[in-house]
Amino acid sequence: MRYFPFTIIAVILAFVCSTHAIKAQPTAANNEDSKQKSLYVLANKNIGNEKSLVLADSLIKAAKKKGDTETVLRGLYIKLKHEYQKDNNIQKVDRAVNSIIDFAKKHNLTKHIYSAASYKMTYLTNHGKYNEAIKYQYYIMDYAKRHKHNNGIVLGHISMGNLFRKRLKIPQAIEEYEQAIESYRKYGIDEDQGRNYIRIIECYIIIGMFEKALDYSSKGLELTKRKEDISGIYGYMAFCSFMLNNKADFKKEYKAYKSYSSSSTPNIIPFVANCIETMKLIDDGKFNEAEKKLKAPGMGAFKQYVEISLYNSQERYEDLQQAMRRLHINRFGDSKGSFTTDWARMSEAINNNLTEIDKQRAINRSSQLELTKTRLELKNTQLELFRFKDAEKLAWMASDAKKLTYNNERLLSEQLAKTLENQNLQHKINEQKIKSKRITLAFTSLLLLLMYLYLRYNKRAASILKEKNMNLKKTLEELSIANDKAQESDKKKTEFIQNMSHEVRTPLNAIVGFSQMLATESDTNLSEEDRKQISQIINTNSEILNTIITNILDLTSIENGRYTIKENVVNINDLCKSAIESVKHRKAEDVEMIFKTDIPDNYAITTDKTRVLQVITNLLSNAVKNTEHGSITLGCSLNEQSGMVMFSVTDTGIGIKKEQQEKIFERFYKIDHFKPGTGLGLNICKAIAEKLNGSVGIDSSYTNGARFYFSIPNDTSFL
């Protein structure tokens, strides 16, 4: 019993020690985590100093021992950021990037493959190595496609867009951003598209295409949920509406922009935000405050846009013209080097626009001078009329004065007759009366003559005035018609240039990019399969480019009336087989190409073989572009009742909505703007068919895809 207290004490001590041991284990783990966190913070703080590499290595070693892949990646990114900050350091940056990519592949961390790759591409771009950046991005995108990493493909398009934008190749940048948006939709990736639309909007504002920017702003609002992106889009909409002088829209969009900005930071370039606030001052009529704000720092590259708006609002036309020319020179005139081609073309287009504006202003001034001259002539005519009226009043006053004089003389004569009854005096009175009558008669004749001359002149002046008014009205109508035609012509020219620029650059960029890859094959270590695939892409894009140029030349020939038809003997079935052979290599793998004919193999007619083959090939090419599964069938038969040879192209593709079927033969009309093509093919087919005394159309009753028909006369006169 005497050992009992010692036993109790021993038990208590054992319990306390065990409790302390249990608690000590998580404390040690917490200390380890805290140590790694401190290492990371310290290494991140010392980026740019060699000390950060030592700390990063320690962090990576500790994380690998613990099996913490996330912390290992943090350490690898610190080493990459350290090398990224130095100039002429591409080899070390490359090694750091490859370390992250290898680690990400090993642990199936796909997103870090493309995140690390973006560092290398940005480094190459910032140091002017654009060709290497493009080549590297093509390699990364090809890797993403081969491994079906859809997010990698999308990020590749965005990176290419950023590269082109930095090089001021705005059309190519817009195309890459649009392909990114389309890829999100194509691969079913649920991602807010607001930032991609903001990138496109900024590109259009850079080149001054504010209406296009507004169009994409409306699309962006429909697909955006983040408040900061919505606020940014409304800000850009307000900017564009102000530049287009749509003051009511500016007020509404500015209000929405400020409303969203109050709850979140808008996704908008800071100097654009400063420009918008300056525009608000201009809209409120606070011109002096606006001009002071323009002189302050922080207005950025779009300052001259706001200057143009300010001078226009104040009607300072000389300053306005100078500001527009400065904008043109600063944006397009001073760039030099190997990447100025597109900007040079834009510069030429803007110069032409400025010249047209000057010409139009001269015409308007001439018209105003003519109008002023006509008004002066009208005013002179009115003064003449008033002068005649004054002359008429003077004549009446003179008549009254004469009458008074006559009455006075008559009274005097009567007084003399009463006081002097002398016959001689009476004789004088009689002579005076005769003289007065003669004067009255002469005055009356003069008055009638003046009235006649007045009426005649008044009639002649009215006739001249009427004729001048009619000529003026006719001149104004002709000026209005000429102005409308000029605006319409300018609009069509702009649309044509934009459309052709976009369509030609797409295949041309592919040809140039992949040709460069083949030319530098030793650097890229391409396999035979890759070379064949790249060669196929180059051939396909060459055919697309050739088709675009052929369509443009055919369109020019048709409009100039130089489009000729050369008749020769044509075997129908052989011609159809040639058309199929020319397009079947472009069809999808799951699509079957079928030829059905009711015509004997030796049957031939007289027609233009080249033009008929062109129409059938165009119809088959459209079917190939819009059919991914099923079949494409080319049919051929004779219609004895109409005396026509009938061709049909039937596919199981996406089909054409009924409301679009009437428009597809219009020039430049496209159902899907994301697919290649100029929108000229069907229009040219229709023109060729009419030249051949035939027709082209679409079968609206067919609903499993699309069916086009083409008919030409069954001319067998050569037999």
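Anything mentioned here points back to the structure above.
Only a predicted model underlies this, so the values are computations on that prediction, with no experimental measurement involved.

A. Structural view of the pairing of strand S5 (residues 644-651). Burial of S5 is extensive: six of the eight residues sit out of reach of the surface. If you look at the hairpin formed by strand S4 (residues 630-639) and S5, you'll find four residues sitting between the two strands, and Gly643 has a positive phi there, around 70°.

B. Local environment of the side chain of His112. As for its position among the elements, His112 is in helix H5 (residues 110-126). For His112, a relative accessible area of 19% corresponds to the buried category. Separated by 3.0 Å, the side chains of His112 and Tyr77 make a polar contact.

C. Structural view of the environment of Tyr260. Relative to the helices and strands, Tyr260 resides in helix H12 (residues 247-261). The spatial distance from the C-alpha of Tyr260 to the C-alpha of Glu228 is 7.4 Å, given a sequence separation of 32 residues. Every residue in contact with Tyr260, bar those within four places of it in the chain, is listed here: Lys227, Ile230, Ser231 and Tyr234.

D. Region of the structure containing unusual backbone geometry. You will see that Asn108, though not glycine, has its phi angle at about 60°, which is positive. Among the secondary structure elements, Asn108 is positioned in the loop between helix H4 (90-106) and H5. A relative accessible area of 63% means that Asn108 is categorised as exposed. Of note, Asn693 is a non-glycine position whose phi angle comes to about 65°, a positive value. Position of Asn693 among the secondary structure elements: in the loop between helix H24 (681-691) and strand S6 (695-698).

E. Inspection of helix H2 (residues 50-66) at higher detail. When the terminal C-alpha atoms of H2 are compared, their 25 Å separation across 17 residues agrees well with the 24 Å that a helix rising 1.5 Å per residue should span. Listed as buried for H2 are Ser52, Leu53, Leu55, Ala56, Leu59, Ile60 and Ala63. All buried residues of H2 lie within an arc of 165° about the axis, which places them on one face of the element. Facing away from the buried side of H2, by more than 90 degrees, are the exposed residues Val54, Lys61 and Lys65.

F. Structural context of the sheet that holds S4. Taken in spatial order, the five strands make up an open sheet running S2-S4-S5-S7-S6, and their pairing is mixed. Edge strands, defined here as strands with exactly one partner in the open sheet, are strand S2 (591-597) and S6. Neighbour to neighbour, the strand axes of the sheet diverge by 15° on average, direction disregarded. Looking at chain direction, S2 and S4 are connected through seven bridges and run parallel.

G. Here's a closer look at helix H21 (residues 572-583). With twelve residues, H21 should cover 16 Å at 1.5 Å per step; its first-to-last C-alpha distance of 18 Å lies within 8% of that length. Those residues of H21 that are buried lie in contact with strand S1 (568-571), S2, strand S3 (604-607), helix H22 (609-625), S4 and S5. The opening residue of H21, the one whose side-chain oxygen lies 3.2 Å from the backbone nitrogen of Asn573, is Asn571.

H. Up close: the environment of Met141. Along the polypeptide, Met141 turns up in helix H6 (residues 130-146). Along the primary structure Met141 and Leu155 are separated by 14 residues, whereas in three dimensions their C-alpha atoms are 8.7 Å apart. When residues no more than four places from it in sequence are discounted, the contact partners of Met141 are Ile153, Gly156, His157 and Met160.

Calculation rules
- Residues numbered from 1 in each chain as written.
- Predicted model: local features only at pLDDT ≥ 70, side-chain atom pairs only at ≥ 80, totals over all residues.
- Heavy atoms only, no water.
- Buried < 20%, exposed > 50% of the residue type's maximum accessible area, 1.4 Å probe, protein only.
- Helix = DSSP H or I, 4+ residues; strand = E, 2+ residues; numbered from the N terminus.
- Pairing = 2+ DSSP bridges.
- Polar contact = N/O pair within 3.5 Å; in protein donor to acceptor, adjacent residues only side chain to side chain.
- Contact = heavy atoms within 4.5 Å.
- Expected span 1.5 Å × (residues − 1).
- Arc of directions from axis to C-beta.
- Axes fitted to C-alpha atoms, helices over the stretch in contact; angles between N-to-C directions.

On their own, these measurements won't tell you what the molecule is for.
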